[in-house]
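Working through the structure, step by step
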Amino acid sequence: MATPNIYNEKYHDRWAWSLALKGATDADIAEAFGISVRTLHRWKKEHESFAEALGPGKDVADAQVKHSLYQRAVGYDAKDIEQIIVTDPATGKQRVEKTRVITKHIAPDTMACMYWLNNRSKGEFTQRQEITLGGSVKTSPMEKLTEEELRALARMDEGQDGGE
């Protein structure tokens, strides 16, 4: 049965919430409904309950991703189940002979750490550099190099004496 193009509060609100909860984008939700993204955006403007249904679902999905990123940044323990399965030669049936749970430590991921710090502590861990036309380079909010200091560094790079 084709999805109706006419907005139905009970039908579309619940479905939109469940799709958003699973991480669906507006384009994904529109495709599931059989409508255009433009229609989806119009529904959000025209129907308050529809917009409100999308918000909490997306918030939960975003929170899960943030939690996963945090775990990758700091490391975590994961349980793995190992089973030894034997086959009875007479019957050919398989059975689990031994099961053990192994806990593995997943080490922190450097890229997840960098991403987290770049976004959570912008002033302290930024990778952005600002170069001004006046000759100063700003590598962090706390540090500014003057034009004179830059020239001294350039002379040092060229192997010239830094003193004048």
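Look above for the structure.
Going along each chain's sequence as written, the residues are numbered from 1 onward. This being a predicted model, a pLDDT of at least 70 is required before a residue's local features are given, and a value of 80 or more before pairs of side-chain atoms are given or counted; all residues contribute to the totals for chains, interfaces and linings. Only hydrogens and water are set aside; all other atoms, that is, all heavy atoms of the structure, feed into the side-chain values.

1. A short note on the overall build of the chain
Rules: Numbering of helices and strands starts at the N terminus; helices are DSSP runs of H or I of at least 4 residues and strands are runs of E of at least 2. By definition, residues are in contact when any of their heavy atoms lie within 4.5 Å. Values of accessible area rely on a 1.4 Å probe in the Shrake-Rupley scheme; residue burial ignores everything except the protein chains shown.
Scanning the chain for helices and strands turns up 7 helices and 5 strands. Starting at the N terminus, the α and β elements of the chain follow one another as α-α-α-α-β-β-α-α-β-β-β-α. Once local pairs closer than 6 in sequence are excluded, the contacts in the chain between residues at least 24 apart make up 42%. Put simply, the chain shows about 12700 Å² of open surface, and 53% of that area lies on carbon and sulfur atoms.

2. What to know about the packing of aromatic side chains
Applicable threshold: Only centres within 6.5 Å qualify two rings of Phe, Tyr or Trp (six-membered ring in Trp) as a pair; their planes then separate them into stacked at under 30 degrees, edge-to-face at over 60, and tilted for everything else. Each residue is assigned to one of three classes by its accessible area relative to the maximum for its type, calculated with a 1.4 Å probe on protein chains only: buried under 20%, partly exposed between the two thresholds, exposed over 50%.
This structure, assessed with the given rule, holds 8 aromatic pairs. Ring centres of Tyr 11 and Trp 15 lie 5.5 Å apart, and the angle between their planes is 65°; on these two criteria the pair is classed as edge-to-face. Taken together, the residues span about one helical turn, with Tyr 11 and Trp 15 both in helix α1 (residues 9–21) at a distance of 4 residues. What makes Trp 15 partly exposed here is its relative accessible area of 25%.

3. A look at the pairing of strand β2 (residues 94–106)
Within a regular strand, side chains alternate between the sheet's two faces. The condition that has to hold: Note on pairing: two strands pair once DSSP finds at least 2 bridges between them.
Of the strand pairs in this sheet, strand β1 (residues 76–87) and β2 are connected by 12 bridges, and their pairing is antiparallel. Across the sheet, residue Val 86 finds its bridge partner in β2, namely Arg 95. Taking the residues between adjacent antiparallel strands as the criterion, β1 and β2 are bridged by 6 residues, where Gly 92 takes a positive phi near 80°.

4. Side note on the pattern of salt bridges
For clarity, the threshold we go by: A pairing counts as a salt bridge when a side-chain nitrogen of Lys or Arg comes within 4 Å of a carboxyl oxygen of Asp or Glu.
A full pass over the atoms with the stated rule returns 6 salt bridges. Lys 44 is the salt-bridge partner of Asp 26, the closest N and O atoms lying 2.7 Å from each other. Linking Asp 26 in helix α2 (residues 26–33) with Lys 44 in helix α3 (residues 37–46), this pair joins segments that are 18 residues apart in sequence. Judged by its relative accessible area of 15%, Asp 26 falls in the buried class. Note that Lys 58 is salt-bridged to Asp 26, the shortest N-O span being 2.6 Å.

5. Side note on the nonpolar core
Rule in force here: As used here, the term nonpolar core means buried Ala, Val, Leu, Ile, Met, Phe, Trp, Tyr and Cys residues forming a set that is joined through side-chain atoms within 4.5 Å.
Counting 13 residues, the largest nonpolar core has Ile 29, Phe 33, Ile 35, Leu 40, Trp 43, Phe 50 and Leu 54 as the members making the most contacts within it. Looking at this core, the elements with two or more residues in it are α1, α2, α3 and α4 (48–74). Not counting the four nearest positions on each side in its chain, Leu 54 is found in contact with Ala 16, Ala 20, Ile 29 and Lys 44.

6. Remarks on α3
Under the convention used in this document: Throughout, the arc means the angular range of directions from the helix axis out to the C-beta atoms.
Of all the residues in α3, the buried ones are Thr 39, Leu 40 and Trp 43. Around the axis of α3, the buried residues are gathered within 100° of arc, so they sit on the same side. For α3, the exposed residues set more than 90 degrees away from the buried face come down to Arg 38 and Lys 45. The inward-facing, buried residues of α3 contact α1, α2 and α4.

7. A closer look at the packing of α4 against helix α5 (residues 110–120)
The condition is simple: Each axis is a line fitted through C-alpha atoms, and for a helix only the stretch in contact is used; angles between axes span 0 to 180 degrees, taken between their N-to-C directions. Roughly parallel refers to an angle under 35 degrees, roughly antiparallel to one over 145, roughly perpendicular to one between 65 and 115, and oblique to any angle outside these ranges. Here a crossing is taken to be left-handed if its near helix is turned anticlockwise relative to the far helix by less than a right angle, and right-handed if that turn runs clockwise. Only Asp, Glu, Lys and Arg are considered charged in this grouping, and only Ala, Val, Leu, Ile, Met, Phe, Trp, Tyr, Cys and Pro are considered nonpolar; every other residue, Gly among them, is considered polar.
Two elements in contact, α4 and α5, have axes separated by 7 Å at closest approach and are oriented at 120°. Here α4 is positioned oblique relative to α5, judged by the angle of their axes. When you trace α4 past α5, the crossing you get is left-handed. Across from Lys 66, Leu 69, Tyr 70, Arg 72 and Ala 73 in α4, the residues of α5 making contact are Ala 112, Cys 113, Tyr 115 and Trp 116. When the residues that make up the contact of α4 with α5 are grouped by side-chain class, the tally is 7 nonpolar, no polar and 2 charged.

8. Structural notes on α2
Taken residue by residue, α2 has Asp 26, Ile 29, Ala 30 and Phe 33 as its buried positions. Projected onto a plane normal to the axis of α2, the buried residues spread over an arc of 100° and lie on a single side. Packing partners of the buried residues in α2 comprise α1, α3 and α4. Where α2 terminates, the next one or two residues include Gly 34, which has phi positive at roughly 75°.

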